[in-house]
Structure formats: structure tokens, C-alpha cells
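Below are the chains, spelled out letter by letter.
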Amino acid sequence: MQVSVETSGSLEKRLRITVPAAEVETALSSRLRNLASSTRIPGFRPGKVPMRLIEQRFGGQALMDTYDDIINRTYPKAVSEQGFRPVDRPSINVESGGRGQDFSFLATFEVFPEFEPNLGDEEIERQRADITDADVDRTLQILQEQRRTFESVDRPAEMGDQVIIDFKGFVNDEPFAGGEAQGFGLILGSGRTIEGFESGLIGAAAGESRQVDVTFPEDYGNTELAGKQARFEITVQAVLAPKLPEIDGDFARSLGVEDGSVETLRSEVRENLAHEAERASRSRAKSAVLDLLVRANENVDLPKALLDAEEQRLRQSNRAQPGEDEAAAEQKLKELARQRVRLGLVISEIVRRNELRVDNDTVRQEIERVASQYQDPGQVMSWYLQNPERLAEIESMVLEDLVVDWVLTHAKTKDQTVSFNQLIGRPETA
């Protein structure tokens, strides 16, 4: 076997592989003998069919099959000998061949780029939060609000109250479908209705009737109403004020604290917030690391095969938004594909150069963590463990985390203490 190498472009390689005629003939003869021993032709006993007849009937196809075998055998060997890492299957072009002739073919393919992953000079900010008593108090307040009840009151409605109403809507003095209800419960300030509807009921008392004028948004789901002005005739049946449960033993027991201790409840809330803070801190650091790897490795050559495949995946999963400029959307898609391919190459190169490996115990722990968020963790565990594609996704996530840990160890980092609300992206007033 003779191999010559050509380079076309930064990543495209061409291997011209030539196999001597004698080697081709040996392989072809072996294939024809196998056919002769297994082929049944009327008038001849099995294994006694003359080779001349076998060659007449099957010679052409046998030669093509022999060429296929030679390609499948010699191409991987040549690639390995040259130290290439192909991105995808090669394009094969047969250049010469025939009975009694050397067989020559050209394999064209792209290789993965050779580069040293760059971590840049930027500092990666690692945000952390200490859980305070105020954080625990805010969380308990949220839990109270989630368990609030409403009690009837004899006063005008205020923001946060629940009103029970009958209403009927009109557009151009004509009722419209879906614009009428009786005994409808609405919490003022919830934002469930069209802007102006809820605020128009502030100050209304039980038994009072009001007219509220609103305008449907231009992007309203019902196109027949979008952008139109409407009038609602509303009668308030009842006004109910919110009532929060006391933070006491009953409240603690309702949240799973068996002994009903409020101190135990606060301790468990603090511990849960600490776990949430750790997850948020880790998530933010991971995002910062991945963004850094994309920015710091902009000069990495990207294989066209990987770009084409990623663009195709994005087109299948992301539909253009109504009214979106097609050219701008296509440019945005291509840029996203470039970023994803670049990041994938950098992560793979870090893994390869540092021989990072995923162990089964870590993968199982990650599956257990994911499964714990569902009602039947055991069923979810089995689903992942018995599904190779889903299991590969978890393994990829774990490997990505190993890369993040490696980068955080080798890149410039700085720690910043922030509030719990800032860390999880919740407004400070929450």
C-alpha cells in the first residue's frame, strides 16, 4: 500500500492510497473461491461450479466488493499511520482500477484542529453568598404567602384582595365570545387579566357594579380582539382579604417538621438555602467558564462538517419568530452554531490533553440528583440507566463539569460575596 498526503485548506486532508494489482488479485480470488463454494447453480454439485462460470456471473460485483473491502481496510490504517483525527466519514473517489491493474483512490476529509486551549487573561468571578437570618425570614414569608387563605371582609377591595365577580365584555356594544363569567375569583394585582381590568376594581365593595374600559394588546392571542377597545360590565359579589398562617408548630408540621419546632424549621430552611446558593454559585461559575472559553479561543479553525451539522440541528429546533428578519435570523443562527462548535472543540481538547475521565460512581450520583426532583426517582433512574442516549447525555454533563473544575483551577479567578437574592437573580425586595 502506497500513501501520499495532500493538504487543501487548513483542515481538509487528502489521502491518495494505491494498492498493487497483485494484492487486489489475491483478495479478489479469495472472494471468488468463497462464492464458488457456496453458490448453487443448476447442473453442478455444491462446491463444483467452475471458476470460469463464477467469474462470468459474479466477477464484476466481486471486484467492486473487493474494492470496498480494500477501502475499509486501508483507509483507517493510513489515517492512523499519519496521525490524523478525522471529523467525519471521508469522501471517496476511485481514480484507477480494473483486473490486473493497481487500485487507487482518493479519500478527502476534514481533521480536528490542533491547538492549545487558551484560558485568556480575564478573571473568572465566582460569586458566593452567606445565608442570613433575613434570607430565612424572606423564605418563610414566601412559604406563608403560598399557604395564604382568604376571608370575607366588609370593606372596599384593596390591592392583594380577592374579589368574586360576574362580568360581561362588549366590543362596539356587542358581546364577544369568552368575555363573560359568573363567580370568577380574581386576586387584584396578580396580572391575570388585561391591563386596567384589575386596577378598575380597586375600591369596589361587595354588591357594587362597575364599568371598566380596557384595550386588548396588539399581540393578544385572539386576533379578532387584538388592539380593540372593550367595555366590561362587572358586579362584585364578594371581597376577601388575604390571611397568612402563623409561623408556629402547625405551620412547621405542615412543612414536614415532625416535632413542630420552629427552630428546626428555620434550620432546615437555612440548610436548603445554602444548598440552593451552592448550586447557583456553581451554575454562574460554569457559565462564566464556558463564555470565557468561547471568547479566548476565537481563532480556532472550525470544521465545516461540524458547522453544517450544528446549523441543521438549530434549524430543526429553533423556528423563526413572527416578523423576524430572515437574513438577521440566519446570521444569528450561524453565529450561535460557530460558538457551540468552538466550545465543543475546546472542551474536547482540554479533555484529551489532560486525560479527563468520567467514572461510573459520579455518573450515578448525577442521575440520582436529577431523579430526586421527580415523584418516582426509581423509575427515572431506570429510564436513564436503560437508555444509552440519555445516559450519554448525563456522562457529557459530568465531563463538562470536570472541564469547568479544571479551568477554575488553572485560570485566574476572584471570589465575590453577594447577597442570596443577587446570587439567585431574585429582586432584593422579594
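About the thresholds
Residues numbered from 1 in each chain as written. Predicted model: local features only at pLDDT ≥ 70, side-chain atom pairs only at ≥ 80, totals over all residues. Heavy atoms only, no water. Core = buried A, V, L, I, M, F, W, Y, C linked by side-chain atoms within 4.5 Å. Buried < 20%, exposed > 50% of the residue type's maximum accessible area, 1.4 Å probe, protein only. Helix = DSSP H or I, 4+ residues; strand = E, 2+ residues; numbered from the N terminus. Contact = heavy atoms within 4.5 Å. UniProt positions renumbered as here; feature names shortened; annotations may be inferred. Expected span 1.5 Å × (residues − 1). Pairing = 2+ DSSP bridges. Axes fitted to C-alpha atoms, helices over the stretch in contact; angles between N-to-C directions. Parallel < 35°, antiparallel > 145°, perpendicular 65-115°, else oblique. Nonpolar A, V, L, I, M, F, W, Y, C, P; charged D, E, K, R; others polar. Polar contact = N/O pair within 3.5 Å; in protein donor to acceptor, adjacent residues only side chain to side chain. Phe/Tyr/Trp six-rings, centres within 6.5 Å; stacked < 30°, edge-to-face > 60°.

Concerning the nonpolar core
Here is a general trend for soluble globular proteins: nonpolar side chains tend to be buried in one another's company.
And step 1. With 27 residues, the main nonpolar core has Ile124, Val289, Leu293, Ile347, Ile350, Val403 and Val407 as its most contacted residues.
And step 2. Of all the secondary structure elements, the ones that give two or more residues to this core are α5 (262-296), α7 (326-354) and α10 (388-410).
And step 3. Those residues in contact with Leu293, other than ones at most four positions away along the chain, are Asn118, Leu119, Leu343, Val346, Ile347, Ile350 and Val407.

What to know about the UniProt feature "domain: PPIase FKBP-type" (unreviewed entry) in the protein chain
And step 1. UniProt annotation of "domain: PPIase FKBP-type" (unreviewed entry) refers to residues 160-250 when read in the numbering used here.
And step 2. Secondary structure content for residues 160-250 is 2% helix and 51% strand, while the C-alpha to C-alpha distance between its ends is 25 Å.

Observations regarding α7
Since the α-helix advances by 3.6 residues per turn, residues separated by three or four positions end up pointing in the same direction.
And step 1. End to end, α7 covers 42 Å across 29 residues, agreeing with the expected 42 Å (1.5 Å per residue, within 8%).
And step 2. Where α7 is concerned, the buried positions are Ala329, Leu333, Ala337, Val341, Arg342, Leu343, Leu345, Val346, Ile347, Glu349, Ile350 and Val351.
And step 3. Packing partners of the buried residues in α7 comprise α5, α6 (304-317) and α10.
And step 4. Backbone geometry just after α7 places Glu355 at a positive phi near 50 degrees.

Focus: the sheet that holds strand β4 (residues 103-110)
And step 1. Sheet architecture is open: four strands sit in the order β1-β2-β4-β3, paired in antiparallel fashion. On the outer flanks of this sheet lie β1 (2-8) and β3 (91-96), each paired with one strand and no other. Across this sheet, the average inter-strand angle for adjacent strands is 20 degrees, counted without regard to direction.
And step 2. Sheet analysis places β1 next to strand β2 (residues 12-19), joined by seven bridges and oriented antiparallel. What sits directly across from Ser8, in β2, is Glu12.

Notes on the packing of α7 against α10
And step 1. Taken N-terminus to C-terminus, the directions of α7 and α10 make an angle of 75 degrees; their axes are 10 Å apart at the nearest point. On the basis of the axis angle, α7 is roughly perpendicular to α10. For the pair formed by α7 and α10, the contact residues are Ile347, Ile350, Val351 and Asn354 on the first element and Leu399, Glu400, Val403, Trp406 and Val407 on the second.
And step 2. In the contact of α7 with α10, the residues fall into seven nonpolar, one polar and one charged.

Here's the deal with the side chain of Glu349
And step 1. By the element assignment, Glu349 lies in helix α7.
And step 2. A polar contact of 2.8 Å, which involves the side chain of Glu349, links it to the side chain of Arg353.

Remarks on helix α3 (residues 133-146)
And step 1. Compared with an ideal rise of 1.5 Å per residue, which puts 14 residues at 20 Å, α3 spans 20 Å between its outermost C-alpha atoms and is within 8% of the ideal.
And step 2. The complete set of buried residues in α3 reads Asp135, Val136, Arg138, Thr139, Leu140, Leu143 and Gln144.
And step 3. Contact partners of the buried residues in α3: α4 (249-254), α5 and α11 (420-424).

Observations regarding the packing of aromatic side chains
And step 1. A complete count under the given rule lists twelve aromatic pairs for this structure.
And step 2. With 6.0 Å between their ring centres and 85 degrees between their planes, Phe176 and Phe232 make a pair best called edge-to-face. One end of the pair, Phe176, is in strand β8 (residues 174-187); the other, Phe232, is in strand β10 (residues 229-243), and 56 residues separate them in sequence. Phe232 carries the same exposure label as Phe176, and that label is buried.
And step 3. In this structure an aromatic cluster arises from ring pairing among Phe167, Phe176, Phe184, Phe197, Phe216, Tyr220 and Phe232.

Quick look at unusual backbone geometry
And step 1. Located in the positive-phi region is Asp173, a residue other than glycine, with phi close to 65 degrees.
And step 2. Inspection of the secondary structure puts Asp173 in the loop between β7 (162-171) and β8.
And step 3. Non-glycine residue Glu355 carries a positive phi angle of around 50 degrees.
And step 4. Residue placement: Glu355 occurs in the loop between α7 and α8 (360-371).
And step 5. Look at Glu355 and you get exposed, because its relative accessible area is 58%.

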